[in-house]
Structures are given as structure tokens and as C-alpha cells.
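# A closer look at the structure
Now for the letters of each chain:
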Amino acid sequence: MRLKMLSVVFGCAALLAGAAAAQTPPVAFDTKAKQILLVDAETGTVLFSRAENDPVPPASLAKLMTMEVVAEAIAKGELSAETVFEVSEHAWRTGGAPSGTSTMFAALKSRIRVADLLQGVAVQLANDACIILGEGMAGSEAAFAEKMTARARVLGMPIATFRNATGLPDPQNQITMSELVALTRHLHEAHPDLYRLYAQPEFEWNKILQRNKNPLIAANVGVDGVATGFAEGYGFSLAASMQRGDRRVYLAMGGLETDKERTEESRKVLDWAMTAFEKRRIFADGEAIGEASIYGGAAPHVALVAGGPVDVLLPVNNPERLTARVVYKWPLRAPVEAGAEVGVVRLWNGEKLLREVPVKTAEAVGQGTLASRALDALQELLFFWL
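Residues numbered from 1 in each chain as written. Predicted model: local features only at pLDDT ≥ 70, side-chain atom pairs only at ≥ 80, totals over all residues. Heavy atoms only, no water.

## What about the sheet that holds strand S10 (residues 247-256)?
- Pairing is antiparallel in the open sheet, where five strands are placed in the order S3-S2-S10-S9-S8. Of all strands in the sheet, those with a lone pairing partner are strand S3 (46-50) and strand S8 (223-231), marking the two edges. Ignoring which end each strand starts from, the neighbouring axes of this sheet average 5° apart.
- With eight bridges joining them, S8 and strand S9 (residues 235-244) adopt antiparallel strand pairing. For Phe230, the partnering residue across the bridge sits in S9 and is Phe236.
- Sitting on the sheet, helix H10 (residues 259-275) is in contact with strand S2 (35-40), S3, S8, S9 and S10, with an inclination near 150° to S10. (Pairing = 2+ DSSP bridges. Helix = DSSP H or I, 4+ residues; strand = E, 2+ residues; numbered from the N terminus. Axes fitted to C-alpha atoms, helices over the stretch in contact; angles between N-to-C directions. Contact = heavy atoms within 4.5 Å.)

Okay, here's the thing in C-alpha cells:
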């Protein structure tokens, strides 16, 4: 089997903003982030990316995975928000008051509800809360970290690796911006009640009131999560989501030099995401995107469609040419069922990949006659010989 690619080039008059190609090209947007991925939630359009698949230290962003593992256990009934865990000496010394790190100041040997620990993680990025949850669920922090890595693989994160529940320095801790965006999106969509904790402006525990560690929450610009991080030798990082009107975007960025630079750059990137783009419908629901060849079928081809309307976000002033490329394993073999997912359509703006959407067969195609199958076999043989 070979991958076959069909390309469609869209005319500027139909999809670009009038005479945009004749206008002065807009100044290219950029950011100081060394790694970044910015994605529109509704369409899945990649608005900006750079080195998004490079492994980097997660630092406190590892706590997003800690939260996901706990949330999944609660969803499955393996754990309750009212479950109580005891504060061990390891949790107290490594992540509590003596540690000098982000903490909810849980007292040694005290017993704390899971619900309160989750707020400590979401609002205060509390290291003690992460360790208490890990030890309570898995018996040790190391065993819980193994659960985190295993869960990352289930969620389609091939690089993310965790050696502790906190993201405190360990050379084997790693993650990518792509994985952080995917994880943030998953938390928002699969665990909305837990996700709302990230937007809390403050949380009080043990008679100590602490503000949310995410500076974008207090800025009240539409950001409703998620977390910040810092790693020696790498710099400052952030994972965030923003809702403005009916649009939501997900952002992960890292490699910034200062806390101030992280705040300024993230606000700049998010504001650009919300103001510099407009949605365009590329294919209507049920519209044929292309067609695939069929080996041994009653018909030589079958139309390919997406599962619904296909939209993308494009820059308001866009001088690039938009293209669609259908990729599937050639040829399909009869019989073919209607609605079978057989490939993808990749949408490109110039050299930039915007999004990838699965394509399905529009109708069923049964087996052809013996003569037509023999002819197809001859054509396939000639193709591979040539």
C-alpha cells in the first residue's frame, strides 16, 4: 500500500480577503518564546507554533498531569473528593513549609480532604498537595509518577515523562508544548468541574490566604487557566486557555527569561490570537473533498467527505495561498463501507499546516466483476513496476 496525496488549491477570490494579495503584507507576528503552540479550540487551527515537539522540563506544569490522574480516578469512582489523606514527613519536608517552594502549608501528620488538596494544586501550585495526593493514591510518590507517565501514553502523549508528582528538578522529567496543549484541552473538556478550580482568584488553607499563582487570572482578560512553571537552565513557561466571546484558544509556551517577560509575552500572544483572525468555512457538511481510487470495486472511485463542516482561522489580511491535501492509503480495497475513515485532509496556508481533519467515504462500494478486478490487478502491477 502507498500513501496517495491529492491537492486542491483554492482561489484567492473565494477564500482570501478580497485584494489582500495586492495589499502591503502585514508585519509578521513573533514572540520571544523558544517553544510555543497556540491552537484555536473550535476549529483546531494552529495559529502559531515553534519547536512545539521539543522535549523541555515541565517544572510546575507537571502538576497538570497530577490533576488529570486524580480527576480520572474520581470519575471512575476509585476516589472521592471527600477521601482523606495524611500528610507524611516526605510530603511536609519536600513540598511543605520547610521546603521553601510553592506550598499550601499542610501540617505534618494532619489529614486533608482530596477536595482541598485539589484546590491547593490548582490555585497555589502546592508541592505538598501533589505529594500527598500521590502517596495517598499509589503508596509512594515514585509509584504515582509511574501512573502519570502511563496515563500520558493513554492520552496520546509519547514524550511526556514524570519522575515525581510536582515537577521539581529531575533530569528525566520532560514534556512538549504540543502535549501541554493537548493535556490542557483534555482537562477542560473531560473534567470541567475540576478545571474551574484554576480560575479561583485565591484559596485559604490552614488560616493562610494565598492568591492564584497564575498572574493572568488576576488580570481579568478572559484567561481561566492553567499554570506556570520555572526550571533552572530553561526558563519560565506557561500553559493557558482563554475564552473571549464564543472563541477559546489554548496556549503553551516556554523558554522565557523572566517572570515579567512570560506575563507580557503570553498576554501579547493571546490578544493577537483573539483579534488577528477570522473564521472561514472551507468545506460544507457533506461536501466532497476529493475522491479515492478503489481496487476491485463496482466503481473505480469513491467520494471523500469530512464528518461535518470544515472551518479554519486565517489572518484577517492573508497574502498566502490556501491548499488542501487529501492523504490516504492507495488504493482502497473493495468492498468499502459508507462512512469508513480512510485518510485525512491537511489544510495549508502557504507553507504552514493549519489543521488535519479525518476524511470518510461518502458511500458504500461493493466488489466489482471478475473482469474489473483482473483489470485493477493489472493496473496496480503496472504502477508498481513503473
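## Describing the nonpolar core
- Counting 60 residues, the largest nonpolar core has Leu64 and Tyr198 as its most contacted members.
- A total of seven residues in this core trace back to one element, the largest contributor, which is helix H2 (residues 63-75).
- Excluding anything up to four places from it in sequence, Tyr198 contacts Leu64, Met67, Ala122, Leu187, Asn212, Ile217, Asp224, Gly225 and Val226.
- Counting residues in each nonpolar core, the second largest holds 26 residues, with Ile289, Ala324, Trp330 and Val345 among its members. (Core = buried A, V, L, I, M, F, W, Y, C linked by side-chain atoms within 4.5 Å. Buried < 20%, exposed > 50% of the residue type's maximum accessible area, 1.4 Å probe, protein only.)

## Comments concerning the environment of Tyr328
- The topology assignment puts Tyr328 in strand S15 (residues 322-330).
- The class for Tyr328 is buried, based on a relative accessible area of 1%.
- In this structure the C-alpha to C-alpha distance between Tyr328 and Gly343, which are 15 residues apart in sequence, comes to 4.3 Å.
- From its side chain, Tyr328 meets the backbone nitrogen of Ser293 in a polar contact 3.0 Å long. (Polar contact = N/O pair within 3.5 Å; in protein donor to acceptor, adjacent residues only side chain to side chain.)

## With respect to the confidence of the model for the protein chain
- Confidence along the protein chain averages 88 in pLDDT terms, with 88% of residues attaining 70 or more.
- Every residue in residues 380-386 scores below 50 in pLDDT, and together they form seven contacts with partners more than four places removed in sequence or on other chains. (pLDDT = per-residue confidence, 0-100.)

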